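Coordinate inspection notes
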Amino acid sequence: RKPVAALGIDLGTSGVRAALLSEDGSLVDIAAYPFPDAASARLPSTWWCGVKSSLAELASRNSFASLKGVAVDGTSGTVLAVDSGGMPVGEALMYNDPCPDRTIVERIGAQAPSDSPARGETSALARAIHLSRRSGVRTIMHQADWILMNLGLATPTSDENNALKTGYDLAAECWPNWLEACGMDIALLPVVKRAGSPLSRITAGGLALGLPRECRYFAGTTDGCASFLATGASNVGDGVTALGSTLVIKLACALPINAANNGIYSHRVLDFWLAGGASNSGGAVIRTFFDGEQLKAMTSKLQPDAPTGLAYYPLLGPGERFPINDPAYPPRLEPRPSDDLTFFQAILEGITAIEKSGYDRLAELGGPRVLSIRTVGGGAANPAWARMRENALGVPFLASRSAEASVGAASLVLAGKARWP
Ligand code: ADP
């Protein structure tokens, strides 16, 4: 086995995973801790238990002596209130929890710049403001920040990717003053660093967990950005398409793209900007018609070079955000052919057309032309669909290095070390 250089820890929706990479970026080992149930997935104590368990598992099989850095990614928008001893004050609010106090959401609507990712019903800033009103709160932290602190980092520190939806200003590189007008005491927010930038050396807290003295903490990222990095995409024009329940496309850009109407905002990662958009179309539509067995059986019979030409727009119900923004946009799944195979192929063609117009839309908004595509998610396992997409998009389809966000977090350490020697 190669000596390990970077440790990445991923706090995902279903569990914790930790990956060790060697200096050349190859995966040495990975450990996983699935959350036992949905209720415990909300508990910071479970998150920490998962981290300790994953580290112990890796330590049982590897020497950490050559480790140069550790970074953490967490679910984007999950926040918790912490007291002066670093202990959580009450429950955390998860990435998909609505803010219990609607008036905060409205206040942000009135105060935040029109293209701020802190706006909206699922605003992370609204959750942060709500939590900041609990008594005894010293700091508001994102999930990844809190894990980094538990690993021993002395100063509460976040990264630009986790801080974006909490209202951080990427241009001015500070927490903007309008946050105060929304009711957020900026003094309670963590210091923010560029994703992947080196922080302090390992402290006594980290040594006690088995991390070596030469190792550093690195500013981490969100699970979404980590998943992008995991694929190996890293140059302007590199696209990653997620064919999961929804269709999500992400593109590395030279400049940020922000289009609030399309739900698009951009993260700064290393030397590029990561812009992404999510369609309401995707695999969930396929799932309403076919189960896993049927999909498997039909996949090998698809005819990627003989399109049906049915021009569907597959949606579960009316409404689309990206590439088109129209809350009333109608699904188009008719006429339904008599055989299921043709119907399945037409749905895949429909999603493919949306993927193509998604990349076109990002280019219209100022992004680069997509130059290559890596694919992740359940639909990535369908080679005939990949062929259909290659025909439609006309760019090289590249193999994804890894589908593990923890690998992305670890590669952020390696890239950050090179970027900020
Ligand atoms: P999630 O976004 O929920 O994490 P996954 O990445 O696990 O989803 O992908 C699940 C989706 O993959 C399902 O909605 C299903 O429609 C789609 N899928 C699974 N197998 C195939 C296949 N052979 N062809 C096309 N789509 C598929």
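Residues numbered from 1 in each chain as written. Predicted model: local features only at pLDDT ≥ 70, side-chain atom pairs only at ≥ 80, totals over all residues. Heavy atoms only, no water.

1. A look at the overall build of the protein
Put simply, the rule reads: Here a helix means four or more residues in a row that DSSP labels H or I, a strand means two or more in a row labelled E, and each is numbered from the N terminus. All radius of gyration figures rest on C-alpha atoms, and the globule criterion is 2.2 Å times the number of residues raised to 0.38. Exposure is judged per residue with a 1.4 Å probe applied to protein chains only, and the accessible area is read against the type maximum: over 50% gives exposed, under 20% gives buried, and values in between give partly exposed. Residues are treated as being in contact if the distance between any of their heavy atoms lies within 4.5 Å.
Within the protein, the regular secondary structure consists of 13 helices and 17 strands. The C-alpha radius of gyration computed for the protein amounts to 22 Å, which stays within 12% of the reference 22 Å derived for 421 residues, consistent with globular compactness. Considered along the principal axes of its C-alpha atoms, the protein spans approximately 65 × 55 × 40 Å. In the protein, buried positions account for 53% of the 421 residues. Look at the contacts in the protein between residues 6 or more apart in sequence, and 69% of them connect residues 24 or more apart.

2. Some remarks on helix α11 (residues 340-364)
Spelled out, the test is: Any helix carries an expected span of 1.5 Å times its number of residues minus one.
Taking 1.5 Å per residue, 25 residues should reach 36 Å; α11 reaches 36 Å between its end C-alpha atoms and fits that length. Positive phi appears at Gly 366, one or two residues downstream of α11, with a value of about 115°.

3. Some thoughts on the site of the ligand
Applied cut-off: Whether a residue is near a molecule or strand is decided by its heavy atoms; if any one of them lies within 4 Å of it, the residue is near. Side-chain atoms alone can form a polar contact between residues adjacent in sequence; in general such a contact is a pair of N or O atoms within 3.5 Å, and within protein one must be able to donate a hydrogen while the other accepts it. Methods summary: accessible areas were calculated by the Shrake-Rupley approach with a probe of 1.4 Å, and residue burial reflects only the protein chains presented.
Not every one of the 15 residues close to the ligand is listed here, only the nearest: Ser 245, Gly 283, Thr 299, Gly 378 and Asn 382. Gly 378 places a polar main-chain atom, nitrogen or oxygen, 2.9 Å from an oxygen atom of the ligand. When isolated, the ligand has an accessible area of 580 Å², and the protein chains bury 67% of it. Of all the elements in the fold, those that place two or more residues in the shell around the ligand are α9 (283-289) and α10 (292-299). A per-element tally of the shell around the ligand places α9 first, with four residues.

4. Digging into the domain arrangement of the protein
It is common to give the size of an interface as the accessible area that goes away when the parts come together. Our working rule: Domain segmentation is taken from an automatic or database assignment of domains. The buried area of a pairing is the accessible area, by a 1.4 Å probe, that goes missing from both parts when the two are put together, added over both. Only one rule defines a salt bridge in this text: a Lys or Arg side-chain nitrogen within 4 Å of an Asp or Glu carboxyl oxygen.
Taken domain by domain, the protein comprises domain 1 (4-224) and domain 2 (232-398). The distance between the C-alpha centroids of domain 1 and domain 2 comes to 30 Å. Opposite the 12 residues of domain 1 that make contact, domain 2 presents 10 residues. Interface area, domain 1 with domain 2, both sides summed: about 970 Å², of which 51% is carbon and sulfur. On inspection of domain 1 and its partner domain 2, the count reaches two salt bridges. One salt bridge in this structure joins Arg 268 and Glu 173, with 3.8 Å as the shortest N-O distance. Between the two partners, domain 1 and domain 2, sit five residue pairs in polar contact (both at pLDDT 80 or more).

5. Things to note about the packing of aromatic side chains
Note the following rule: Aromatic pairing here means that ring centres of Phe, Tyr or Trp (its six-membered ring) are within 6.5 Å. Orientation follows from the plane angle: under 30 degrees is stacked, over 60 is edge-to-face, and everything else is tilted.
Under the definition given, this model contains nine aromatic pairs. In this structure an aromatic cluster arises from ring pairing among Phe 289, Phe 290, Tyr 312, Phe 343 and Phe 344.

6. Structural notes on the pattern of salt bridges
Taken as a whole and assessed by the stated rule, the structure comprises 24 salt bridges. With its nearest N and O atoms 2.7 Å apart, the salt bridge here joins Asp 24 to Lys 2. Within this pair, whereas Asp 24 is found in the loop between β2 (15-22) and β3 (27-34), its partner Lys 2 is found in the segment before β1 (4-11), the two being separated by 22 residues in sequence. For Asp 24, a relative accessible area of 54% corresponds to the exposed category. One continuous salt-bridge network, built from bridges that share partners, spans Arg 1, Asp 29, Glu 57 and Arg 61.

7. Some remarks on the sheet that holds strand β15 (residues 272-278)
Note the cut-off: When DSSP finds two or more bridges between two strands, those strands count as paired.
With respect to topology, six strands assemble into an open sheet ordered β14-β15-β13-β12-β16-β17, the strand pairing being mixed. With partners counted over all chains shown, the strands left at the sheet margins are β14 (265-269) and β17 (397-398), one partner each. Of the strand pairs in this sheet, strand β16 (residues 372-376) and β17 are connected by two bridges, and their pairing is parallel. Bridge pairing in β17 places Ile 373 opposite Phe 397.

8. Structural notes on the nonpolar core
Convention followed: The set of buried Ala, Val, Leu, Ile, Met, Phe, Trp, Tyr and Cys residues whose side-chain atoms join them within 4.5 Å is what this entry labels a nonpolar core.
Of all hydrophobic cores here, the largest spans 69 residues; its most connected members are Ile 140, Met 184 and Ile 286. For this core, the leading source of residues is α11, giving nine residues. Contacts of Ile 140, omitting those with residues within four sequence positions, involve Leu 80, Ala 81, Ala 128, Leu 131, Ser 132, Met 184, Leu 188, Leu 189 and Pro 190. With 39 residues, the next largest nonpolar core counts Phe 64, Val 72, Met 94 and Trp 146 among its residues.

9. Things to note about the pairing of strand β6 (residues 139-142)
Remember that side chains alternate between the two faces of the sheet whenever the strand is regular. Every second residue of β6 is oriented toward a common face, with Thr 139 and Met 141 on one face and Ile 140 and His 142 on the other, all of them buried. Alignment of strand β5 (residues 79-82) against β6, held across four bridges, turns out to be antiparallel. Looking at the pairing, Val 82 lines up with Thr 139 of β6.

10. Let's talk about the packing of helix α8 (residues 223-230) against helix α13 (residues 405-419)
Our working definition: Only the stretch in contact is used when a helix axis is fitted, and all axes are lines through C-alpha atoms; the angle between N-to-C directions ranges over 0 to 180 degrees. Relative orientations are named as follows: roughly parallel for angles under 35 degrees, roughly antiparallel for angles over 145 degrees, roughly perpendicular for angles from 65 to 115 degrees, and oblique for any other angle. Here the nonpolar group is Ala, Val, Leu, Ile, Met, Phe, Trp, Tyr, Cys and Pro; Asp, Glu, Lys and Arg are the charged ones; every other residue, Gly included, is treated as polar.
At a minimum axis separation of 7 Å, α8 and α13 run at an interaxial angle of 80°. In terms of orientation, α8 lies roughly perpendicular with respect to α13. Across the interface between the two elements, Asp 223, Ala 226, Ser 227, Leu 229 and Ala 230 from α8 touch Ala 405, Val 407, Gly 408, Ala 409, Ser 411 and Leu 412 from α13. Of the residues belonging to the contact of α8 with α13, the class tally is seven nonpolar, three polar and one charged.

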